[in-house]
Amino acid sequence: MEKKDIKKDILIKLAIIIGIIVAVNIISNRVFTRLDLSKNKSYTLSNISKVIVGDLGDKLEVRAYFSDNLPSPYNNLKRDVKDLLSDYRSYSKGNLNYVFVNEGSADESNAEFENDAQKFGIQPVQIQVMDNDKLEVKKALMGLVISYQGKSEVIPFIQSVNNLEYDITSKIKKIITEKKKKIGFLTGHGEYDYTKWQTIHQTLMSQYDVTSVDLSRNIPVPNDIDVLLVAGPKSEFPEWHKFQIDQYIMRGGNVAFMINKVIPNFQQQIAIGDPVDNKLDDMLFSYGIKIDNDLIRDLQCSAVSVQTQIGIPMQVSYPYFPMVSNINRDISAFKNIQAIALSFVSSLDLQAAQGKDIQVSPLLTTSDRSGKATGFFILNLEQFQNLTKQAADTLFNQKGFVVGALYSGNFKSFYADKPAPSDTISASADVTKQERFNESKKPGRIIAIGDGDFAHEEQRPPKDNITFFVNMVDFLADDVGLAEIRSKDTSESPIEDTSDGTKRFVKYFNLIFPPLLIILFGAYIWNKRKINRKKLQS
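Keep in mind it's a predicted model, so treat the numbers as computed, not measured.

> A description of the packing of helix α6 (residues 198–205) against helix α10 (residues 463–476) should follow, citing residues and the corresponding values.
Contact pair α6 / α10: the axes reach a minimum separation of 10 Å and the direction vectors enclose 30°. Considering how the two elements wind past one another, α6 and α10 form a crossing that is right-handed. In this structure, α6 uses Thr 199, Ile 200, Thr 203 and Leu 204 to contact α10, whose residues at the interface are Ile 466, Phe 469, Val 470 and Val 473.

Structure (C-alpha coordinates):
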(Lines give C-alpha, C1' and ligand atoms only; values in the text may rest on other atoms or scores of the structure.)
Protein backbone atom coordinates (compact mmCIF):
# COMPACT_ATOMS: atom_id res chain seq x y z
CA MET A 1 0.00 0.00 0.00
CA GLU A 2 1.39 3.40 -0.97
CA LYS A 3 2.13 6.09 1.58
CA LYS A 4 -0.69 8.28 0.24
CA ASP A 5 -3.19 5.44 0.68
CA ILE A 6 -1.95 4.77 4.23
CA LYS A 7 -2.24 8.45 5.11
CA LYS A 8 -5.72 8.61 3.56
CA ASP A 9 -6.79 5.50 5.47
CA ILE A 10 -5.55 6.99 8.76
CA LEU A 11 -7.40 10.26 8.13
CA ILE A 12 -10.63 8.42 7.31
CA LYS A 13 -10.40 6.36 10.50
CA LEU A 14 -9.61 9.46 12.53
CA ALA A 15 -12.59 11.31 11.02
CA ILE A 16 -14.86 8.34 11.83
CA ILE A 17 -13.66 8.30 15.47
CA ILE A 18 -14.18 12.06 15.82
CA GLY A 19 -17.63 11.73 14.23
CA ILE A 20 -18.60 8.97 16.67
CA ILE A 21 -17.44 11.08 19.64
CA VAL A 22 -19.42 14.12 18.42
CA ALA A 23 -22.52 11.99 17.76
CA VAL A 24 -22.32 10.41 21.23
CA ASN A 25 -22.06 13.86 22.82
CA ILE A 26 -25.03 15.19 20.83
CA ILE A 27 -27.16 12.15 21.70
CA SER A 28 -26.15 12.28 25.39
CA ASN A 29 -27.21 15.93 25.57
CA ARG A 30 -30.60 15.19 24.02
CA VAL A 31 -31.28 11.81 25.64
CA PHE A 32 -30.71 12.22 29.38
CA THR A 33 -29.46 9.11 31.20
CA ARG A 34 -26.91 8.13 33.83
CA LEU A 35 -25.43 5.06 35.51
CA ASP A 36 -25.91 5.39 39.28
CA LEU A 37 -23.83 2.97 41.37
CA SER A 38 -24.39 4.72 44.72
CA LYS A 39 -25.98 2.71 47.56
CA ASN A 40 -29.10 4.88 47.92
CA LYS A 41 -29.34 5.75 44.20
CA SER A 42 -28.62 9.31 45.24
CA TYR A 43 -28.17 10.51 41.64
CA THR A 44 -31.24 8.83 40.19
CA LEU A 45 -34.64 10.50 40.18
CA SER A 46 -36.95 8.68 42.59
CA ASN A 47 -40.17 7.05 41.43
CA ILE A 48 -42.34 9.55 43.32
CA SER A 49 -40.60 12.45 41.53
CA LYS A 50 -41.20 10.77 38.18
CA VAL A 51 -44.87 10.18 39.03
CA ILE A 52 -45.48 13.76 40.24
CA VAL A 53 -43.95 15.47 37.19
CA GLY A 54 -45.46 12.84 34.90
CA ASP A 55 -48.95 13.65 36.18
CA LEU A 56 -48.69 17.42 35.79
CA GLY A 57 -51.93 18.73 34.34
CA ASP A 58 -50.49 22.01 33.08
CA LYS A 59 -47.22 23.67 32.18
CA LEU A 60 -44.73 24.13 35.02
CA GLU A 61 -41.70 26.39 34.71
CA VAL A 62 -38.52 26.38 36.78
CA ARG A 63 -36.48 29.58 36.65
CA ALA A 64 -32.90 29.17 37.85
CA TYR A 65 -30.87 32.16 39.04
CA PHE A 66 -27.16 31.33 39.19
CA SER A 67 -24.22 33.68 39.08
CA ASP A 68 -21.38 32.91 36.69
CA ASN A 69 -17.79 32.08 37.70
CA LEU A 70 -18.71 30.67 41.09
CA PRO A 71 -15.70 29.57 43.17
CA SER A 72 -15.12 26.13 44.64
CA PRO A 73 -17.08 24.30 46.03
CA TYR A 74 -19.94 25.96 44.08
CA ASN A 75 -18.28 25.92 40.65
CA ASN A 76 -19.95 22.67 39.56
CA LEU A 77 -23.26 23.42 41.26
CA LYS A 78 -24.93 25.04 38.24
CA ARG A 79 -24.10 22.07 36.03
CA ASP A 80 -25.40 19.59 38.65
CA VAL A 81 -28.65 21.56 38.98
CA LYS A 82 -29.02 21.65 35.21
CA ASP A 83 -28.53 17.86 35.05
CA LEU A 84 -31.20 17.32 37.72
CA LEU A 85 -33.67 19.65 36.00
CA SER A 86 -33.03 17.84 32.71
CA ASP A 87 -33.91 14.62 34.49
CA TYR A 88 -37.21 16.13 35.68
CA ARG A 89 -37.99 17.45 32.21
CA SER A 90 -37.41 14.07 30.58
CA TYR A 91 -40.14 12.47 32.74
CA SER A 92 -42.65 15.36 32.58
CA LYS A 93 -44.20 14.49 29.19
CA GLY A 94 -43.34 17.98 28.01
CA ASN A 95 -45.06 19.83 30.89
CA LEU A 96 -41.92 20.90 32.80
CA ASN A 97 -39.44 23.33 31.36
CA TYR A 98 -36.58 25.20 32.92
CA VAL A 99 -34.56 28.26 32.04
CA PHE A 100 -31.43 29.81 33.50
CA VAL A 101 -32.36 33.47 33.65
CA ASN A 102 -29.87 36.15 32.56
CA GLU A 103 -26.85 34.23 33.70
CA GLY A 104 -24.34 36.61 35.15
CA SER A 105 -22.76 37.86 38.35
CA ALA A 106 -24.82 39.58 41.03
CA ASP A 107 -22.81 42.76 41.20
CA GLU A 108 -23.39 46.40 40.30
CA SER A 109 -22.82 45.69 36.60
CA ASN A 110 -25.77 43.31 36.53
CA ALA A 111 -28.31 44.92 38.86
CA GLU A 112 -31.21 43.89 36.63
CA PHE A 113 -30.35 40.22 37.11
CA GLU A 114 -30.25 40.67 40.88
CA ASN A 115 -33.47 42.72 41.02
CA ASP A 116 -35.32 40.13 38.96
CA ALA A 117 -34.27 37.39 41.39
CA GLN A 118 -35.21 39.47 44.43
CA LYS A 119 -38.76 39.90 43.11
CA PHE A 120 -39.24 36.19 43.79
CA GLY A 121 -37.49 36.26 47.17
CA ILE A 122 -34.06 35.05 46.04
CA GLN A 123 -31.51 37.20 47.85
CA PRO A 124 -27.78 37.32 47.05
CA VAL A 125 -25.55 35.48 49.50
CA GLN A 126 -21.98 36.27 50.44
CA ILE A 127 -19.32 33.71 49.51
CA GLN A 128 -15.57 33.76 50.00
CA VAL A 129 -13.37 33.86 46.90
CA MET A 130 -9.57 33.61 46.51
CA ASP A 131 -8.59 36.20 43.90
CA ASN A 132 -4.95 37.16 43.26
CA ASP A 133 -3.91 35.41 46.48
CA LYS A 134 -6.43 37.50 48.42
CA LEU A 135 -9.48 36.28 50.27
CA GLU A 136 -12.44 38.36 49.10
CA VAL A 137 -16.17 38.27 49.84
CA LYS A 138 -18.47 38.46 46.82
CA LYS A 139 -22.20 38.28 46.26
CA ALA A 140 -23.75 35.34 44.41
CA LEU A 141 -27.21 34.12 43.46
CA MET A 142 -28.06 30.41 43.67
CA GLY A 143 -31.82 29.81 43.74
CA LEU A 144 -34.86 28.41 41.94
CA VAL A 145 -38.40 29.67 41.31
CA ILE A 146 -41.08 27.08 40.50
CA SER A 147 -44.23 28.49 38.84
CA TYR A 148 -47.52 26.68 38.14
CA GLN A 149 -50.94 28.09 37.30
CA GLY A 150 -50.15 31.54 38.70
CA LYS A 151 -48.63 30.19 41.94
CA SER A 152 -44.94 30.20 42.82
CA GLU A 153 -42.65 28.39 45.24
CA VAL A 154 -39.05 29.43 45.88
CA ILE A 155 -35.85 27.64 46.87
CA PRO A 156 -33.89 30.79 47.79
CA PHE A 157 -30.44 29.24 48.27
CA ILE A 158 -28.97 25.98 46.98
CA GLN A 159 -25.80 25.08 48.82
CA SER A 160 -25.46 21.56 47.40
CA VAL A 161 -27.45 19.01 45.42
CA ASN A 162 -27.43 16.45 48.25
CA ASN A 163 -31.08 16.97 49.17
CA LEU A 164 -32.16 19.08 46.21
CA GLU A 165 -34.47 16.45 44.71
CA TYR A 166 -36.53 16.42 47.90
CA ASP A 167 -36.67 20.24 47.93
CA ILE A 168 -37.81 20.44 44.31
CA THR A 169 -40.30 17.57 44.44
CA SER A 170 -41.83 18.75 47.72
CA LYS A 171 -42.24 22.28 46.27
CA ILE A 172 -43.87 20.89 43.13
CA LYS A 173 -46.15 18.66 45.20
CA LYS A 174 -47.10 21.61 47.40
CA ILE A 175 -47.88 23.91 44.48
CA ILE A 176 -50.08 21.37 42.64
CA THR A 177 -51.93 20.04 45.74
CA GLU A 178 -55.29 21.68 46.32
CA LYS A 179 -55.93 20.42 49.87
CA LYS A 180 -53.28 19.39 52.40
CA LYS A 181 -53.62 16.60 54.92
CA LYS A 182 -53.70 17.62 58.59
CA ILE A 183 -51.37 16.51 61.38
CA GLY A 184 -52.39 16.93 65.03
CA PHE A 185 -50.07 17.12 68.05
CA LEU A 186 -51.84 16.16 71.26
CA THR A 187 -51.56 18.67 74.14
CA GLY A 188 -52.63 18.90 77.77
CA HIS A 189 -50.53 16.11 79.35
CA GLY A 190 -47.06 17.63 79.38
CA GLU A 191 -46.32 16.73 75.77
CA TYR A 192 -43.52 18.56 74.00
CA ASP A 193 -44.36 21.85 72.30
CA TYR A 194 -43.93 20.99 68.63
CA THR A 195 -43.66 24.67 67.65
CA LYS A 196 -40.23 24.70 69.33
CA TRP A 197 -39.09 21.84 67.09
CA GLN A 198 -38.01 24.21 64.36
CA THR A 199 -36.78 21.75 61.73
CA ILE A 200 -39.63 19.28 62.21
CA HIS A 201 -42.23 22.04 62.33
CA GLN A 202 -40.99 23.72 59.15
CA THR A 203 -40.69 20.43 57.29
CA LEU A 204 -44.19 19.29 58.22
CA MET A 205 -45.69 22.73 57.53
CA SER A 206 -44.35 22.64 53.97
CA GLN A 207 -46.37 19.50 53.28
CA TYR A 208 -49.24 19.42 55.79
CA ASP A 209 -51.51 21.60 57.87
CA VAL A 210 -50.20 21.20 61.43
CA THR A 211 -52.27 21.95 64.53
CA SER A 212 -52.57 21.15 68.23
CA VAL A 213 -55.34 18.89 69.58
CA ASP A 214 -56.99 19.67 72.92
CA LEU A 215 -59.32 17.01 74.37
CA SER A 216 -60.66 18.99 77.31
CA ARG A 217 -64.44 19.38 77.80
CA ASN A 218 -65.19 16.18 75.87
CA ILE A 219 -64.05 17.71 72.59
CA PRO A 220 -63.36 14.82 70.19
CA VAL A 221 -60.32 14.60 67.95
CA PRO A 222 -61.40 16.49 64.80
CA ASN A 223 -62.40 14.26 61.90
CA ASP A 224 -60.05 16.06 59.53
CA ILE A 225 -56.97 15.03 61.53
CA ASP A 226 -55.15 12.42 59.44
CA VAL A 227 -52.43 11.61 62.00
CA LEU A 228 -52.41 12.15 65.78
CA LEU A 229 -49.01 12.41 67.49
CA VAL A 230 -48.58 11.78 71.22
CA ALA A 231 -45.03 13.00 71.94
CA GLY A 232 -43.60 12.40 75.41
CA PRO A 233 -46.56 12.97 77.77
CA LYS A 234 -45.53 13.46 81.41
CA SER A 235 -48.85 13.57 83.29
CA GLU A 236 -51.85 11.27 83.63
CA PHE A 237 -54.56 10.96 80.99
CA PRO A 238 -58.13 11.33 82.31
CA GLU A 239 -60.50 8.62 81.17
CA TRP A 240 -62.50 11.00 78.98
CA HIS A 241 -59.31 11.98 77.12
CA LYS A 242 -58.48 8.32 76.56
CA PHE A 243 -62.05 7.76 75.32
CA GLN A 244 -61.67 10.46 72.65
CA ILE A 245 -58.33 8.98 71.48
CA ASP A 246 -59.94 5.53 71.41
CA GLN A 247 -62.83 6.74 69.29
CA TYR A 248 -60.44 8.52 66.92
CA ILE A 249 -58.70 5.19 66.37
CA MET A 250 -62.07 3.48 65.88
CA ARG A 251 -62.91 6.04 63.17
CA GLY A 252 -59.80 4.89 61.30
CA GLY A 253 -57.32 7.48 62.59
CA ASN A 254 -53.59 6.70 62.70
CA VAL A 255 -51.62 7.43 65.87
CA ALA A 256 -47.98 7.50 66.99
CA PHE A 257 -47.42 6.95 70.72
CA MET A 258 -43.91 8.05 71.79
CA ILE A 259 -43.90 7.22 75.49
CA ASN A 260 -41.30 7.55 78.26
CA LYS A 261 -41.73 4.87 80.91
CA VAL A 262 -38.68 6.05 82.88
CA ILE A 263 -37.26 9.59 83.06
CA PRO A 264 -33.84 10.52 84.48
CA ASN A 265 -33.55 12.26 87.85
CA PHE A 266 -30.25 14.06 88.31
CA GLN A 267 -31.25 15.85 91.51
CA GLN A 268 -29.73 13.15 93.71
CA GLN A 269 -26.06 12.34 94.30
CA ILE A 270 -26.64 9.20 92.30
CA ALA A 271 -28.52 9.66 89.03
CA ILE A 272 -31.61 7.49 89.10
CA GLY A 273 -34.59 6.80 86.85
CA ASP A 274 -38.10 7.71 87.98
CA PRO A 275 -40.99 5.62 86.60
CA VAL A 276 -43.74 7.48 84.72
CA ASP A 277 -47.37 6.34 84.87
CA ASN A 278 -49.57 8.26 82.46
CA LYS A 279 -52.48 5.78 82.80
CA LEU A 280 -52.35 4.78 79.13
CA ASP A 281 -51.21 1.18 79.71
CA ASP A 282 -54.66 -0.42 79.93
CA MET A 283 -55.96 1.23 76.77
CA LEU A 284 -52.78 0.48 74.79
CA PHE A 285 -52.86 -3.14 75.99
CA SER A 286 -56.36 -3.52 74.56
CA TYR A 287 -54.84 -2.75 71.14
CA GLY A 288 -52.03 -5.30 71.69
CA ILE A 289 -49.43 -2.69 72.72
CA LYS A 290 -47.37 -3.18 75.88
CA ILE A 291 -44.45 -0.89 76.74
CA ASP A 292 -42.53 -2.47 79.62
CA ASN A 293 -41.35 -0.63 82.74
CA ASP A 294 -37.67 -1.18 82.03
CA LEU A 295 -34.60 0.51 80.54
CA ILE A 296 -32.59 -1.00 77.72
CA ARG A 297 -28.80 -0.76 77.65
CA ASP A 298 -26.75 -1.53 74.56
CA LEU A 299 -23.03 -1.75 73.79
CA GLN A 300 -23.81 -0.16 70.41
CA CYS A 301 -24.54 3.27 71.82
CA SER A 302 -24.02 7.02 71.56
CA ALA A 303 -21.40 8.93 73.53
CA VAL A 304 -21.79 11.62 76.17
CA SER A 305 -19.34 14.39 76.98
CA VAL A 306 -17.69 14.25 80.42
CA GLN A 307 -15.07 16.45 82.04
CA THR A 308 -11.73 14.86 82.90
CA GLN A 309 -9.86 15.74 86.08
CA ILE A 310 -7.83 18.33 84.20
CA GLY A 311 -10.98 19.92 82.75
CA ILE A 312 -10.76 18.58 79.21
CA PRO A 313 -14.06 17.25 77.78
CA MET A 314 -13.98 13.63 76.67
CA GLN A 315 -16.51 11.53 74.76
CA VAL A 316 -17.53 8.36 76.61
CA SER A 317 -19.95 5.67 75.40
CA TYR A 318 -23.15 5.53 77.45
CA PRO A 319 -25.11 2.26 77.05
CA TYR A 320 -28.42 3.85 78.12
CA PHE A 321 -28.24 5.82 74.84
CA PRO A 322 -28.66 2.95 72.33
CA MET A 323 -27.71 3.58 68.72
CA VAL A 324 -30.30 1.50 66.89
CA SER A 325 -29.25 0.46 63.38
CA ASN A 326 -31.59 -2.54 63.15
CA ILE A 327 -34.47 -0.69 61.48
CA ASN A 328 -37.32 -2.32 59.56
CA ARG A 329 -36.21 -1.28 56.08
CA ASP A 330 -38.94 -3.34 54.44
CA ILE A 331 -41.06 -0.26 55.13
CA SER A 332 -40.05 2.07 52.32
CA ALA A 333 -40.30 5.20 54.48
CA PHE A 334 -37.36 3.99 56.58
CA LYS A 335 -35.28 2.03 54.06
CA ASN A 336 -32.48 4.62 53.75
CA ILE A 337 -32.18 5.60 57.42
CA GLN A 338 -28.93 4.33 58.89
CA ALA A 339 -29.44 4.57 62.66
CA ILE A 340 -31.57 6.21 65.37
CA ALA A 341 -30.06 7.51 68.62
CA LEU A 342 -32.41 6.78 71.54
CA SER A 343 -32.15 7.74 75.22
CA PHE A 344 -33.53 5.94 78.29
CA VAL A 345 -35.68 3.76 76.07
CA SER A 346 -38.05 0.99 77.18
CA SER A 347 -38.82 -2.25 75.37
CA LEU A 348 -42.08 -3.42 73.80
CA ASP A 349 -43.61 -6.81 74.52
CA LEU A 350 -44.93 -8.04 71.16
CA GLN A 351 -46.58 -11.05 72.81
CA ALA A 352 -49.34 -8.71 74.01
CA ALA A 353 -50.74 -8.59 70.46
CA GLN A 354 -51.36 -12.33 70.26
CA GLY A 355 -54.99 -13.25 69.80
CA LYS A 356 -56.07 -9.70 68.92
CA ASP A 357 -56.06 -10.22 65.13
CA ILE A 358 -53.54 -7.41 64.75
CA GLN A 359 -50.47 -7.46 62.51
CA VAL A 360 -47.29 -6.46 64.39
CA SER A 361 -43.99 -5.52 62.75
CA PRO A 362 -40.85 -4.64 64.74
CA LEU A 363 -39.66 -1.21 63.71
CA LEU A 364 -36.62 -0.55 65.90
CA THR A 365 -34.54 -3.32 67.50
CA THR A 366 -31.37 -2.97 69.61
CA SER A 367 -28.17 -4.91 68.91
CA ASP A 368 -27.29 -8.46 69.96
CA ARG A 369 -25.18 -7.06 72.80
CA SER A 370 -28.01 -5.61 74.87
CA GLY A 371 -29.31 -5.82 78.43
CA LYS A 372 -32.33 -4.79 80.46
CA ALA A 373 -32.67 -2.98 83.81
CA THR A 374 -35.83 -3.29 85.90
CA GLY A 375 -37.00 -2.19 89.34
CA PHE A 376 -34.59 0.45 90.66
CA PHE A 377 -32.77 2.34 87.91
CA ILE A 378 -29.22 3.60 88.55
CA LEU A 379 -28.08 5.78 85.66
CA ASN A 380 -24.55 6.79 86.71
CA LEU A 381 -22.03 6.59 83.89
CA GLU A 382 -19.31 5.22 86.20
CA GLN A 383 -20.96 1.80 86.42
CA PHE A 384 -20.07 1.16 82.76
CA GLN A 385 -16.46 2.37 82.89
CA ASN A 386 -13.51 -0.03 83.05
CA LEU A 387 -15.74 -3.09 82.73
CA THR A 388 -14.03 -6.47 82.65
CA LYS A 389 -14.96 -8.85 79.84
CA GLN A 390 -16.90 -10.99 82.30
CA ALA A 391 -18.85 -7.99 83.61
CA ALA A 392 -19.63 -6.79 80.07
CA ASP A 393 -20.81 -10.27 79.07
CA THR A 394 -23.12 -10.28 82.11
CA LEU A 395 -24.60 -6.82 81.51
CA PHE A 396 -24.98 -7.20 77.74
CA ASN A 397 -25.88 -10.86 77.33
CA GLN A 398 -29.28 -10.51 75.63
CA LYS A 399 -30.12 -10.20 71.95
CA GLY A 400 -32.08 -7.36 70.40
CA PHE A 401 -34.99 -5.80 72.25
CA VAL A 402 -37.82 -4.32 70.20
CA VAL A 403 -38.12 -0.65 71.20
CA GLY A 404 -40.42 0.48 68.40
CA ALA A 405 -43.16 -1.36 66.52
CA LEU A 406 -45.94 -0.93 63.97
CA TYR A 407 -49.42 -2.26 64.75
CA SER A 408 -51.93 -2.43 61.91
CA GLY A 409 -55.40 -3.86 61.39
CA ASN A 410 -58.88 -3.45 62.84
CA PHE A 411 -58.68 -2.50 66.50
CA LYS A 412 -61.32 -3.21 69.16
CA SER A 413 -62.46 -0.32 71.34
CA PHE A 414 -61.18 -0.28 74.92
CA TYR A 415 -64.58 1.13 75.91
CA ALA A 416 -66.70 -1.37 73.95
CA ASP A 417 -68.42 -2.76 77.07
CA LYS A 418 -68.07 0.32 79.23
CA PRO A 419 -70.06 3.52 79.67
CA ALA A 420 -68.54 6.54 77.95
CA PRO A 421 -66.54 8.61 80.47
CA SER A 422 -67.27 12.32 80.53
CA ASP A 423 -65.47 15.48 81.63
CA THR A 424 -67.17 16.96 84.71
CA ILE A 425 -66.18 20.53 83.92
CA SER A 426 -69.14 22.78 83.17
CA ALA A 427 -69.87 23.57 79.52
CA SER A 428 -68.40 20.22 78.45
CA ALA A 429 -69.89 18.57 75.38
CA ASP A 430 -72.43 15.78 75.86
CA VAL A 431 -70.61 12.53 75.00
CA THR A 432 -73.92 10.67 74.66
CA LYS A 433 -74.61 12.67 71.50
CA GLN A 434 -71.32 11.59 69.88
CA GLU A 435 -71.45 8.70 67.44
CA ARG A 436 -69.76 5.77 69.12
CA PHE A 437 -67.84 2.83 67.61
CA ASN A 438 -66.91 -0.47 69.24
CA GLU A 439 -64.38 -1.44 66.57
CA SER A 440 -62.45 0.19 63.76
CA LYS A 441 -64.47 1.38 60.77
CA LYS A 442 -61.43 0.64 58.59
CA PRO A 443 -57.92 -0.76 59.12
CA GLY A 444 -55.64 1.67 60.95
CA ARG A 445 -52.02 2.03 61.95
CA ILE A 446 -50.44 2.68 65.33
CA ILE A 447 -46.73 3.18 65.91
CA ALA A 448 -45.45 2.77 69.48
CA ILE A 449 -41.93 3.78 70.54
CA GLY A 450 -40.55 3.44 74.07
CA ASP A 451 -38.79 6.81 73.90
CA GLY A 452 -40.62 10.13 73.82
CA ASP A 453 -37.49 12.26 73.44
CA PHE A 454 -35.73 10.93 70.34
CA ALA A 455 -36.86 13.88 68.16
CA HIS A 456 -36.75 16.56 70.88
CA GLU A 457 -34.78 19.24 69.03
CA GLU A 458 -33.68 21.09 72.17
CA GLN A 459 -31.48 18.04 72.86
CA ARG A 460 -29.91 18.37 69.40
CA PRO A 461 -30.68 14.89 68.06
CA PRO A 462 -28.85 13.51 65.01
CA LYS A 463 -30.23 14.30 61.58
CA ASP A 464 -31.46 10.73 61.12
CA ASN A 465 -33.69 11.10 64.18
CA ILE A 466 -35.41 14.11 62.61
CA THR A 467 -35.71 12.31 59.28
CA PHE A 468 -37.16 9.22 60.98
CA PHE A 469 -39.79 11.31 62.80
CA VAL A 470 -40.94 13.14 59.67
CA ASN A 471 -40.90 9.95 57.60
CA MET A 472 -42.97 8.27 60.32
CA VAL A 473 -45.59 11.02 59.89
CA ASP A 474 -45.51 10.54 56.10
CA PHE A 475 -46.00 6.81 56.55
CA LEU A 476 -48.97 7.22 58.90
CA ALA A 477 -50.45 9.83 56.53
CA ASP A 478 -50.11 7.40 53.59
CA ASP A 479 -47.72 9.82 51.92
CA VAL A 480 -44.57 7.72 51.76
CA GLY A 481 -43.11 8.92 48.46
CA LEU A 482 -41.40 12.05 49.78
CA ALA A 483 -40.08 10.09 52.75
CA GLU A 484 -38.05 7.93 50.38
CA ILE A 485 -36.43 11.03 48.84
CA ARG A 486 -35.86 12.77 52.18
CA SER A 487 -33.86 9.84 53.54
CA LYS A 488 -31.65 9.52 50.46
CA ASP A 489 -29.08 11.88 51.96
CA THR A 490 -28.40 10.49 55.43
CA SER A 491 -25.41 9.93 57.65
CA GLU A 492 -23.00 7.07 57.21
CA SER A 493 -23.82 3.70 58.71
CA PRO A 494 -22.53 3.37 62.29
CA ILE A 495 -19.78 0.88 63.06
CA GLU A 496 -21.58 -1.97 64.73
CA ASP A 497 -20.10 -3.76 67.73
CA THR A 498 -18.24 -6.93 66.71
CA SER A 499 -17.48 -10.04 68.70
CA ASP A 500 -14.09 -10.66 70.31
CA GLY A 501 -13.55 -13.64 68.01
CA THR A 502 -14.03 -11.47 64.92
CA LYS A 503 -11.66 -8.85 66.31
CA ARG A 504 -8.96 -11.49 66.96
CA PHE A 505 -9.39 -12.97 63.47
CA VAL A 506 -9.02 -9.55 61.78
CA LYS A 507 -6.04 -8.68 63.99
CA TYR A 508 -4.05 -11.86 63.26
CA PHE A 509 -5.14 -11.95 59.61
CA ASN A 510 -3.69 -8.46 59.08
CA LEU A 511 -0.59 -9.43 61.06
CA ILE A 512 0.16 -12.73 59.32
CA PHE A 513 -1.36 -12.72 55.82
CA PRO A 514 0.47 -9.76 54.14
CA PRO A 515 3.99 -10.95 55.16
CA LEU A 516 3.06 -14.55 54.25
CA LEU A 517 1.83 -13.41 50.84
CA ILE A 518 5.14 -11.61 50.18
CA ILE A 519 7.14 -14.69 51.28
CA LEU A 520 5.11 -16.98 48.99
CA PHE A 521 5.52 -14.59 46.08
CA GLY A 522 9.27 -14.38 46.72
CA ALA A 523 9.52 -18.18 46.91
CA TYR A 524 7.66 -18.45 43.58
CA ILE A 525 10.04 -15.99 41.87
CA TRP A 526 13.10 -17.71 43.39
CA ASN A 527 11.90 -21.13 42.25
CA LYS A 528 11.15 -19.81 38.76
CA ARG A 529 14.65 -18.35 38.45
CA LYS A 530 16.14 -21.62 39.73
CA ILE A 531 14.32 -23.59 37.03
CA ASN A 532 15.47 -21.10 34.36
CA ARG A 533 19.10 -21.43 35.50
CA LYS A 534 18.93 -25.23 35.24
CA LYS A 535 17.50 -24.94 31.72
CA LEU A 536 20.35 -22.61 30.70
CA GLN A 537 22.99 -24.93 32.20
CA SER A 538 21.57 -27.91 30.38
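> Tell me about empty space enclosed by the protein, and please be specific about residues and values.
As enumerated under the stated definition, the model contains one cavity of 30 Å³ or more in all. The space that makes up the largest cavity amounts to roughly 30 Å³. Grouping the amino acids of the lining of the largest cavity by side-chain chemistry returns three nonpolar, two polar and two charged.

> Break down a nonpolar patch on the surface for me, citing the residues and quoting the values.
Together, Leu 11, Leu 14, Ile 18, Val 22 and Ile 26 make up a nonpolar patch on the protein surface, roughly 450 Å² of accessible area in all. Within the secondary structure, Leu 14 is located in helix α1 (residues 3–30).

> So what's going on with the sheet that holds strand β12 (residues 272–275)? Which residues, and what values?
Sheet architecture is open: three strands sit in the order β11-β12-β20, paired in antiparallel fashion. Bordering the open sheet on either side are β11 (262–265) and β20 (377–378), each of which pairs with just one other strand. Alignment of β11 against β12, held across four bridges, turns out to be antiparallel. Following the sheet pairing, Pro 264 is matched in β12 by Gly 273.

> Before we move on, can you summarise the packing of helix α2 (residues 47–54) against helix α5 (residues 164–176) with the specific residues and values?
Two numbers describe how α2 lies on α5: the axes approach to 10 Å, and their chain directions differ by 35°. For the crossing formed where α2 meets α5, the hand is left-handed. Seen from α2, the contacting residues are Ser 49, Ile 52 and Val 53; seen from α5, they are Glu 165, Thr 169, Ile 172, Lys 173 and Ile 176. Considered class by class, the residues forming the contact of α2 with α5 number four nonpolar, two polar and two charged.

> An account of unusual backbone geometry is requested, with residue identities and associated values reported.
Most peptide bonds take the trans form, and the phi angle of most residues other than glycine is negative. One non-glycine residue, Phe 344, adopts positive backbone phi at about 50°. Residue placement: Phe 344 occurs in the loop between β17 (340–341) and β18 (358–365). Classification of Phe 344 by relative accessible area gives buried; the value is 7%. Positioned with a positive phi, Asp 357 is a non-glycine residue whose angle comes to about 55°.

> Requested: an account of the environment of Thr 195, with residues and values cited.
Within the secondary structure, Thr 195 is located in the loop between β7 (182–186) and α6. Note: C-alpha distance between Thr 195 and Phe 185 (ten residues apart in sequence) is 9.9 Å. At a separation of 2.6 Å, a polar atom in the side chain of Thr 195 contacts the side chain of Asp 193.

> Quick one: what's the story with the pattern of salt bridges, residue by residue and with numbers?
Taken as a whole and assessed by the stated rule, the structure comprises 17 salt bridges. For Asp 116, the salt bridge identified is with Lys 119, shortest N-O distance 3.5 Å. One end of the pair is Asp 116 and the other is Lys 119, both in helix α4 (residues 111–119) and three residues apart, which spans about a single turn. Relative accessible area serves as the criterion here: at 13%, Asp 116 is assigned to the buried category. In this structure, the salt-bridge partner of Asp 393 is Arg 369, at a minimum N-O distance of 3.2 Å.

> For the nonpolar core, give the residues involved together with the corresponding values.
In this structure, Phe 468, Phe 469 and Met 472 are the most contacted members of the largest nonpolar core, which totals 43 residues. Of all the elements in the fold, those that place two or more residues in this core are β7, α6, β9 (227–231), β10 (254–258), β18, β21 (402–409), β22 (444–449) and α10. When residues of this core are assigned to their parent elements, the largest contribution, eight residues, is made by α10. When near neighbours in sequence (up to four residues on either side) are disregarded, Met 472 contacts Ala 256, Met 258, Phe 334, Ile 447 and Ile 449. Phe 237, Tyr 248, Ala 353 and Tyr 415 belong to the second-largest nonpolar core, a separate cluster that totals 34 residues.

Rules and cut-offs
Residues numbered from 1 in each chain as written. Predicted model: local features only at pLDDT ≥ 70, side-chain atom pairs only at ≥ 80, totals over all residues. Heavy atoms only, no water. Axes fitted to C-alpha atoms, helices over the stretch in contact; angles between N-to-C directions. Helix = DSSP H or I, 4+ residues; strand = E, 2+ residues; numbered from the N terminus. Left-handed = near helix turned anticlockwise from the far one by under 90°. Contact = heavy atoms within 4.5 Å. 1 Å grid on protein atoms, 1.4 Å probe; cavity = no way out; pocket = protein on both sides within 12 Å on 5 of 7 lines; lining within 4 Å. Points joined across faces, edges and corners; volume = space filled by probe spheres on them. Nonpolar A, V, L, I, M, F, W, Y, C, P; charged D, E, K, R; others polar. Patch = residues over 30% accessible without salt bridge, like charges linked within 9 Å, V, L, I, M, F, W, Y side chains within 5 Å. Areas by Shrake-Rupley, 256 points an atom, 1.4 Å probe, with all protein chains shown as cover. Salt bridge = Lys/Arg side-chain N within 4 Å of Asp/Glu carboxyl O. Pairing = 2+ DSSP bridges. Buried < 20%, exposed > 50% of the residue type's maximum accessible area, 1.4 Å probe, protein only. Polar contact = N/O pair within 3.5 Å; in protein donor to acceptor, adjacent residues only side chain to side chain. Core = buried A, V, L, I, M, F, W, Y, C linked by side-chain atoms within 4.5 Å.

Any functional reading would require information beyond the geometric quantities listed.
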